[in-house]
Amino acid sequence: MSKGNDKYTHPLTSRYASEGMSKVWSPMTKFSTWRRLWIALATAEKELGLKIDQKQIDQMKSKINDIDFEYARAQEKKLRHDVMSHIHTFAKACPDAAPIIHLGATSCFITDNTELTQIKSALNMIELRLVRVISELKKMVLKYKDMPTLGFTHYQPAQLTTVGKRATLWLQDFLMDLHALTALNDNLPFRGVKGTTGTQASYLALFNGDHKKVKTLDKRVAELMGFSKTIPVSGQTYTRKIDFQVTSVLSGIAQSANKMANDIRLLMNLRELEEPFGKSQVGSSAMAYKRNPMRSERVCSLARYVISLTANTAHTHATQWFERTLDDSANRRMVLPESFLAVDSILLIITNVVSGIHVWPHVIQKRVMEALPFMATENILMACVKKGGNRQDLHEAIREHSMEAAKVMKDKGGECDLLSRIAKDESFKAVHATLNDIVNPKLYTGRSSQQAQEFIDTEVEPVLKKYSEVLEKEEKVI
């Protein structure tokens, strides 16, 4: 048995998510952030007059990433408390600073503030992933905004739209997700320095009843950790409603991706477009000819999981007692990282699909021309009436020809011959010369092309302009 393969490994980190997102939720990031928080607390306390020597702080800074994980595990096994085990581990590495590590703090000062820091970092990463998806979809919209395609309602043939206009529906969803994410991220608070039940009593004691210094401490620690504000009030933890808000935004992204991926899967079945397919990629172990929508199916699979986690965080928030209970802890260790890791995976796949998507114009046109003659009959009827035809007689003739043409298609599997029937019927002689012009697909797409262009110009470009430098850097890497 090869070493390392005899234990479960999470597929989100081993198979799907990026190294960057995996690093955000790694033990090293988590526990080094704990140490940064202890340093921020000591720094702020020193600034406000507590007897803390700069050498103690410098010693802590020198050991931020020098973590003895084996010793920490041994301590936790003995103490049954993860924060205390790492306090002892940090104290062992920084003996001079040992007396002032975690001074006045409770465990949630460390755990909650770390999680909010990780959430913020992860949201920043997801934001850029979303922008990349939006940028790639914009290119698709502009490339295919004029290409007529058959629209579907109830997955039954409806009126025509364009390939690009359909892509704006996907793009609009992701744009809404970006707005929701940036609003959440801009308003994400730090838990700050709140004490065991949120009253800041321990800090008030440290500063001899000086309320102003306690308030300044709360703000200063947040600043040192990169946050502009702290949550106004809390119990021992920050309200778990924030977790629900975070997973709701991530669920929204998953929903958008799932909808788009489902559409692509259906269109692949119609052979109108295909997701990228590698030169040596295998579609089926049995059926060598198959080109399955593997990427889109993976998106749907991961999205379903992300969407389900929103209910989890809702229940966690709803069942918290008073200032806190610990029944959220084990749950949140899984839900928060997995939500982000899965969405990170989803957006990477979606970017790959959109940037390499194959559109098959001839297949699309064939399907359009099978349905268009039926759609065009009203225009044909009106054109004939304008030239003196009898509306009722023409309507009956069109009805009969339509029924027969449909019968040929359904009963015999033949091509749509409705136009040829009309072309041979003297009742429609008035339009025989212009019949091909009447059934030009572009006459039946309405404002699809204009809507797509206007949407890009007014809604998408102003957003992408804010990220132009980031997109340019990524283009160079790609």
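Analysis parameters
- Residues numbered from 1 in each chain as written.
- Predicted model: local features only at pLDDT ≥ 70, side-chain atom pairs only at ≥ 80, totals over all residues.
- Heavy atoms only, no water.
- Helix = DSSP H or I, 4+ residues; strand = E, 2+ residues; numbered from the N terminus.
- Rg over C-alpha atoms; globule rule 2.2 N^0.38 Å.
- Buried < 20%, exposed > 50% of the residue type's maximum accessible area, 1.4 Å probe, protein only.
- Contact = heavy atoms within 4.5 Å.
- Areas by Shrake-Rupley, 256 points an atom, 1.4 Å probe, with all protein chains shown as cover.
- Lys, Arg positive; Asp, Glu negative; His and termini not counted.
- Charge placed at Lys NZ, Arg CZ, Asp CG, Glu CD.
- Expected span 1.5 Å × (residues − 1).
- Bend = angle between axes of the 7 residues up to and from the residue.
- Salt bridge = Lys/Arg side-chain N within 4 Å of Asp/Glu carboxyl O.
- Core = buried A, V, L, I, M, F, W, Y, C linked by side-chain atoms within 4.5 Å.
- 1 Å grid on protein atoms, 1.4 Å probe; cavity = no way out; pocket = protein on both sides within 12 Å on 5 of 7 lines; lining within 4 Å.
- Points joined across faces, edges and corners; volume = space filled by probe spheres on them.
- Nonpolar A, V, L, I, M, F, W, Y, C, P; charged D, E, K, R; others polar.
- Axes fitted to C-alpha atoms, helices over the stretch in contact; angles between N-to-C directions.
- Parallel < 35°, antiparallel > 145°, perpendicular 65-115°, else oblique.
- Left-handed = near helix turned anticlockwise from the far one by under 90°.

Asks: Can you explain the overall build of the protein chain? Please cite residues and give values.
Replies: Looking only at helices and strands, the protein chain has 19 helices and four strands in total. Expected size for 478 residues packed as a compact globule is a radius of gyration near 23 Å; at 31 Å, the protein chain overshoots this value by more than 25%. Counting only C-alpha atoms, the protein chain reaches 105 × 60 × 45 Å along its principal axes. Relative to its 478 residues, the protein chain shows a buried fraction of 49%. The long-range fraction of contacts in the protein chain, counting pairs at least 24 apart against all pairs at least 6 apart in sequence, stands at 77%. Here the protein chain has roughly 24,900 Å² of accessible surface; of this, 53% comes from carbon and sulfur atoms. Each charge sign in the protein chain was given a centre, from 66 positive and 54 negative side chains, and these centres are 3 Å apart.

Asks: Explain helix 14 (residues 361-386) residue by residue, including any values.
Replies: Given a rise of 1.5 Å per residue, 26 residues ought to cover 38 Å, and the 35 Å separating the end C-alpha atoms of helix 14 matches this to within 8%. Of all the bends in helix 14, the largest measures some 40° and sits at Leu372, one to four residues before the proline Pro373. Backbone geometry just after helix 14 places Gly388 at a positive phi near 105°.

Asks: Account for the pattern of salt bridges, naming residues and giving values.
Replies: Opposite charge on two side chains makes pairing possible when the charged atoms of those side chains draw close. The full count for this structure, using the stated rule, is 21 salt bridges. Across the pair Glu47 and Arg220 runs a salt bridge whose closest N-O atoms are separated by 2.8 Å. One end of the pair, Glu47, is in helix 3 (residues 27-47); the other, Arg220, is in helix 10 (residues 211-224), with 173 residues separating them in the sequence. Given a relative accessible area of 25%, Arg220 falls into the partly exposed group. With its nearest N and O atoms 2.7 Å apart, the salt bridge here joins Asp344 to Arg129. Taken as a pair, Asp344 in helix 13 (residues 329-355) and Arg129 in helix 7 (residues 107-144) lie far apart in primary sequence, 215 residues in all. Judged by its relative accessible area of 0%, Asp344 is buried. It is possible to trace a salt-bridge network through shared partners that takes in Asp112, Arg240, Arg324 and Asp328.

Asks: Lay out the side chain of Thr310 in plain terms, naming residues and giving numbers.
Replies: Relative to the elements of secondary structure, Thr310 occurs in helix 12 (residues 294-318). On the accessibility criterion, Thr310 (12% relative accessible area) is buried. Discounting chain neighbours no more than four positions away, the residues touching Thr310 are Phe244, Thr247, Ser248 and Ser251.

Asks: Report on the nonpolar core, specifying residues and quantitative values.
Replies: Formed by 131 residues in total, the largest nonpolar core has its most connected members in Met60, Phe174, Phe340 and Ile380. A per-element tally of this core places helix 7 first, with 15 residues. Apart from the residues lying within four places of it in its own chain, the contact partners of Phe174 are Leu130, Val133, Ile134, Leu137, Ile253, Ser256, Ala257, Met260, Leu347 and Ile350.

Asks: Can you break down the layout of surface pockets residue by residue, with the values?
Replies: When its volume is computed, the largest pocket comes out at roughly 1,000 Å³. Around the largest pocket, the lining comprises 37 residues; the ones closest to its centre are Lys30, Phe31, Trp34, Asp82 and Arg333. Elements represented by at least two residues in the lining of the largest pocket include exactly helix 3, helix 5 (69-79), helix 6 (82-93), helix 7 and helix 13. It is helix 13 that provides the largest number of residues to the lining of the largest pocket, a total of eight residues. For the lining of the largest pocket, the class distribution of residues is 13 nonpolar, 11 polar and 13 charged.

Asks: Explain the packing of helix 3 against helix 10 residue by residue, including any values.
Replies: In contact at an axis separation of 9 Å, helix 3 and helix 10 are set at 135° when each is read in the N-to-C sense. Of the possible angle classes, the one that applies to helix 3 and helix 10 is oblique. The interaxial crossing formed by helix 3 with helix 10 has right-handed handedness. Listed contacts from helix 10 to Ala40, Leu41, Thr43, Ala44, Glu45 and Glu47 of helix 3 are Leu217, Arg220, Val221 and Leu224. Split by residue class, the contact of helix 3 with helix 10 holds six nonpolar, one polar and three charged.

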